Amino acid sequence: MRTEYKMISLPKLNNLTPGLESTCLKLMEEAGELAQLIGKFRGLNGESDVMDEKKLVENITGELLDVAQVAVSMMFVLENQYNINIEDSIEHHINKLIKKGYIKSEGDHND
């Protein structure tokens, strides 16, 4: 069984000068907007107006991409301001997921 990846390439924003704190706050803001839409999708927000499911899911997708963009922007901040090697960090992260059993390593064949 091969590990499945979703490769997403998002740009470094070049019209902003983000810092670690401002980017973190923006990430929380975008995550809140995503949670709000999911709450609406599940009827947890107490509002009586109902959005068409297709439109709602499209909006959720847009908010998720906003979260991803800010997370990528934070990675650029870590690289540029703190000399973090994101590629090494990704490799470490994947190894952590394998150790925790969230994904199987390429050598595992227990299907």
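Look above for the structure.
Caption draft 1: Local environment of the overall build of the protein chain. Along the backbone of the protein chain there are three helices and zero strands. In the protein chain, the succession of helices and strands from N to C terminus is α-α-α. With respect to the principal axes defined by its C-alpha atoms, the protein chain has extents near 50 × 45 × 20 Å. For the protein chain, the residues scored as buried account for 16% of the 111 residues in total. Total accessible area on the protein chain stands at roughly 8,800 Å², and carbon and sulfur atoms take up 56% of it. Put simply, the protein chain has 12 plus and 19 minus side-chain charges, and the middle of one group is 3 Å from the middle of the other.

Caption draft 2: Region of the structure containing the packing of helix α1 (residues 20–41) against helix α2 (residues 53–82). Direction vectors running N to C along α1 and α2 enclose 165°, while the axes themselves pass 9 Å from each other. Between α1 and α2, the angle is such that the two are roughly antiparallel. Once α1 is placed against α2, the crossing between them reads as left-handed. Broken down by class, the residue content of the contact of α1 with α2 amounts to 19 nonpolar, four polar and seven charged.

Caption draft 3: Molecular detail of the pattern of salt bridges. Scanning the entire structure with this criterion turns up three salt bridges. Between lysine 26 and glutamate 29 there is a salt bridge, with the nearest N and O atoms lying 3.3 Å from each other. Linking lysine 26 with glutamate 29, this pair stays in helix α1, spanning three residues, or about one helical turn. Residue lysine 54 is joined to glutamate 58 by a salt bridge in which the shortest nitrogen-to-oxygen separation is 2.8 Å. Taken as a pair, lysine 54 and glutamate 58 lie in helix α2 at a separation of four residues, close to a single helical turn.

Caption draft 4: Focus on the nonpolar core. In this structure, Leu27, Leu34, Leu37, Leu56, Ile60, Val67, Val70 and Met74 together form the largest nonpolar core, which totals eight residues. Mapped by element, the contributors of at least two residues to this core are α1 and α2. At five residues, the largest contribution of residues to this core is made by α2. Apart from residues no more than four positions distant in its own chain, leucine 56 is found in contact with Leu37, Lys40, Phe41 and Met51.

Reading the values: the criteria
Each chain carries its own residue numbering, running from 1 in the direction its sequence is written. In keeping with the predicted nature of the model, local features appear solely for residues at pLDDT of at least 70, side-chain atom pairs appear and are counted solely at 80 or more, and the whole-chain, interface and lining totals rest on all residues. Hydrogens and waters are ignored; side-chain quantities use all the structure's heavy atoms. Only runs of H or I of at least four residues qualify as helices and only runs of E of at least two qualify as strands under DSSP, and these elements are numbered from the N terminus. Each residue is placed in one exposure class: buried if its accessible area under a 1.4 Å probe, protein chains only, is under 20% of its type's maximum, exposed if it is over 50%, and partly exposed if it falls in between. Using a 1.4 Å probe, the Shrake-Rupley method yields the accessible areas, and only the shown protein chains count as cover for residues. Counting rule applied: Lys, Arg positive; Asp, Glu negative; His and chain ends not counted. The atoms used to mark charge sites are NZ of Lys, CZ of Arg, CG of Asp and CD of Glu. To obtain an axis, a line is fitted to C-alpha atoms, over the contacting stretch when the element is a helix, and the angle between two such axes runs from 0 to 180 degrees between their N-to-C directions. The labels follow the angle: roughly parallel below 35 degrees, roughly antiparallel above 145, roughly perpendicular from 65 to 115, and oblique for the rest. Left-handed describes a crossing in which the near helix is turned anticlockwise from the far one by less than a right angle; the clockwise case is right-handed. Under the convention adopted here, Pro, Cys and the residues Ala, Val, Leu, Ile, Met, Phe, Trp and Tyr are nonpolar, Asp, Glu, Lys and Arg are charged, and Gly plus all remaining residues are polar. When a carboxyl oxygen of Asp or Glu is within 4 Å of a side-chain nitrogen of Lys or Arg, the pair counts as a salt bridge. In these notes, a set of buried Ala, Val, Leu, Ile, Met, Phe, Trp, Tyr and Cys residues joined through side-chain atoms within 4.5 Å is what counts as a nonpolar core. Throughout, a contact is declared for two residues whenever any of their heavy atoms are within 4.5 Å.

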